[in-house]
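Letter by letter, the chains look like this.
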Amino acid sequence: MVAGITYHLRAIIGLGLVTAAVSELLFYPAELRWGLAELVLVYGALAWTAVLAVHMRAGGGMTGLCAAAAVMGLLVEGVPVFELYAALPLSLFWTSIGWHGVITGVTALFLLRWSLHRNLAAGAMAAFGLGVGLGLWCGHYWTVDGTPPGRFWPQLALGSLMLAVGHAVLPHAPNGRTPWARGAFAVLGGLVTVFFCLAALPALFPVSLVLPASVAAVMVLVPATSADPMWAQPARRRCVLIGLVAPGCAVGFVCSHGLDWARELNVWVFVTTALLATLLTARMALTRWRGTRHNASANRFRP
């Protein structure tokens, strides 16, 4: 019993630290409308809810994690805040699926952990490269609304620390032996549903129906690849290498802050991640269709 509770708490805290760091502190000048603890808890609970939902749909691997991150993005942008409904249909892909799914889920979680698990050199290069990319992105965002660049450095230090600690705390991906997976999903999913019904649903009805419709669409497309874990489990001591995100991010920020090309770079990131989100969604649909077709053919020829 204690082991099961500890596992789910580690998952919520680990995912909360990783996703809040990449999607908030290393994304833009965060005002931290919630306190830091509340921010991590909200992100962690929504992320773990999404991961468990995809897991119970037998989704796994990078595709499964991307689907879970996309669902998390939809929930983050549509339940505690209402950004999802602000610029439809563009807001479905940015930032919900584009940044949360492609950058936070695929890059900062799946690829980073896979690189760390592979070897030290790959982990170090992945962490530093992720930092450079995030720094280049922040170079423009810290000029919007006249934000003083001095605010970047403490936010970078905190975000990098959260990212490293989150990866160290995060347990193995859910599998067939995960304790209380359905029970944890029922509790967390129920809480998310209650908050949605009390806030966004009545406040923005009927536009707010976009959220459950979008989440259902992603879940329907999740391909059954349960043999593959959603993320690798590198040795915990290797997570120290994630500290290289900080110097990489500092290099990217210094090279791009206040320069005209940084804004153009952000536009390209926006377009590219939205396109990748669309392609990953299409890939999920194709994989699901092929699996359904294969099962139908097998059942037809079964004696």
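Remember, predicted model here, so these are calculated numbers, not experimental data.

A. Local environment of the overall build of the chain. A tally of regular secondary structure across the chain gives eleven helices and zero strands. The secondary structure elements of the chain, listed N-terminal to C-terminal, are α-α-α-α-α-α-α-α-α-α-α. Relative to its length of 303 residues, the chain is compact, with a C-alpha radius of gyration of 19 Å against a globular reference of 19 Å. Overall, the chain is about 70 × 50 × 40 Å in size when its C-alpha atoms are taken along their principal axes. Within the chain, buried positions represent 49% of all 303 residues. A separation threshold of at least 6 residues defines the contact pool for the chain, and within that pool the share at least 24 residues apart is 86%. When the accessible surface of the chain is split by element, carbon and sulfur atoms take 70% of a total near 14,200 Å².

B. Broad picture of the side chain of Glu 77. For Glu 77, the position within the fold is in helix H3 (residues 61-78). When its relative accessible area of 11% is taken as the criterion, Glu 77 is described as buried. Polar side-chain contacts of Glu 77 include one of 3.0 Å to the side chain of Thr 95. Contact partners of Glu 77, with chain neighbours within four places excluded, come to Phe 82, Glu 83, Leu 84, Thr 95, Ser 96 and His 100.

C. Summary view of the nonpolar core. Ranked by internal contacts, the top residues of the largest apolar core, which has 87 residues, are Trp 48, Leu 211 and Trp 231. Excluding residues that lie within four positions of it along the chain, Trp 48 makes contacts with Tyr 7, His 8, Ala 11, Ile 12, Leu 15, Pro 174, Leu 188 and Trp 231.

D. Spatial organisation of helix H7 (residues 181-198). Taking 1.5 Å per residue as the helical rise, H7 with its 18 residues ought to reach 26 Å, and the 26 Å between its terminal C-alpha atoms agrees with that figure. For H7, the complete set of buried residues consists of Ala 181, Ala 184, Leu 188, Gly 189, Val 192 and Phe 196. In a view along the axis of H7, the buried residues occupy a sector of 115 degrees, so they form one face of it. The outward face of H7, more than 90 degrees from its buried face, is lined by the exposed residues Arg 182, Ala 186, Val 187 and Leu 198. Looking at the buried side of H7, the elements it contacts are helix H1 (2-25), helix H2 (36-56), H3, helix H8 (200-204) and helix H9 (210-221).

E. Seen up close, the environment of Trp 137. Inspection of the secondary structure puts Trp 137 in helix H5 (residues 120-141). Judged by its relative accessible area of 4%, Trp 137 is buried. As for Trp 137 and Leu 41, which are separated by 96 residues in sequence, their C-alpha atoms are 25 Å apart. Ignoring sequence-local partners within four residues, the contact set of Trp 137 consists of Phe 27, Trp 94, Trp 99, Asn 266 and Val 269.

F. Looking closely at unusual backbone geometry. A cis amide bond links Leu 88 to the next residue, Pro 89, at an omega of 0 degrees. Position of Pro 89 relative to the elements: it lies in the loop between H3 and helix H4 (90-118). A cis geometry characterises the amide bond from Phe 205 onward to Pro 206, with omega recorded as 5 degrees. One non-glycine residue, Trp 180, lies in the positive phi region at around 55 degrees. Secondary-structure assignment places Trp 180 in the loop between helix H6 (152-169) and H7.

G. The packing of H2 against H7, seen in detail. For the pair H2 and H7, interaxial distance at closest approach is 9 Å and the crossing angle is 130 degrees. In terms of orientation, H2 lies oblique with respect to H7. Once H2 is placed against H7, the crossing between them reads as left-handed. Along the contact surface, H2 presents Ala 45, Leu 46, Trp 48, Thr 49, Leu 52, Ala 53, His 55 and Met 56, while H7 presents Ala 181, Arg 182, Ala 184, Phe 185, Leu 188, Gly 189 and Val 192.

H. Structural context of the packing of aromatic side chains. Scanning the entire structure with this criterion turns up 16 aromatic pairs. Both rings, one in Phe 27 and one in Trp 99, keep their centres 4.6 Å apart while their planes meet at 55 degrees; by these two values the pair is tilted. Here the residue Phe 27 occupies a position in the loop between H1 and H2, and Trp 99 occupies one in helix H4, the gap between them amounting to 72 residues. Each member of the pair, Phe 27 as well as Trp 99, carries the same accessibility label: buried. Through a chain of ring-to-ring contacts, three or more aromatic side chains come together here, namely Phe 27, Tyr 28, Trp 94, Trp 99, Trp 137 and Tyr 141.

I. View of H3. End to end, H3 covers 26 Å across 18 residues, agreeing with the expected 26 Å (1.5 Å per residue, within 8%). The element H3 is largely enclosed, with a buried count of 17 among its 18 residues.

Procedures and definitions
Residues numbered from 1 in each chain as written. Predicted model: local features only at pLDDT ≥ 70, side-chain atom pairs only at ≥ 80, totals over all residues. Heavy atoms only, no water. Helix = DSSP H or I, 4+ residues; strand = E, 2+ residues; numbered from the N terminus. Rg over C-alpha atoms; globule rule 2.2 N^0.38 Å. Buried < 20%, exposed > 50% of the residue type's maximum accessible area, 1.4 Å probe, protein only. Contact = heavy atoms within 4.5 Å. Areas by Shrake-Rupley, 256 points an atom, 1.4 Å probe, with all protein chains shown as cover. Polar contact = N/O pair within 3.5 Å; in protein donor to acceptor, adjacent residues only side chain to side chain. Core = buried A, V, L, I, M, F, W, Y, C linked by side-chain atoms within 4.5 Å. Expected span 1.5 Å × (residues − 1). Arc of directions from axis to C-beta. Axes fitted to C-alpha atoms, helices over the stretch in contact; angles between N-to-C directions. Parallel < 35°, antiparallel > 145°, perpendicular 65-115°, else oblique. Left-handed = near helix turned anticlockwise from the far one by under 90°. Phe/Tyr/Trp six-rings, centres within 6.5 Å; stacked < 30°, edge-to-face > 60°.

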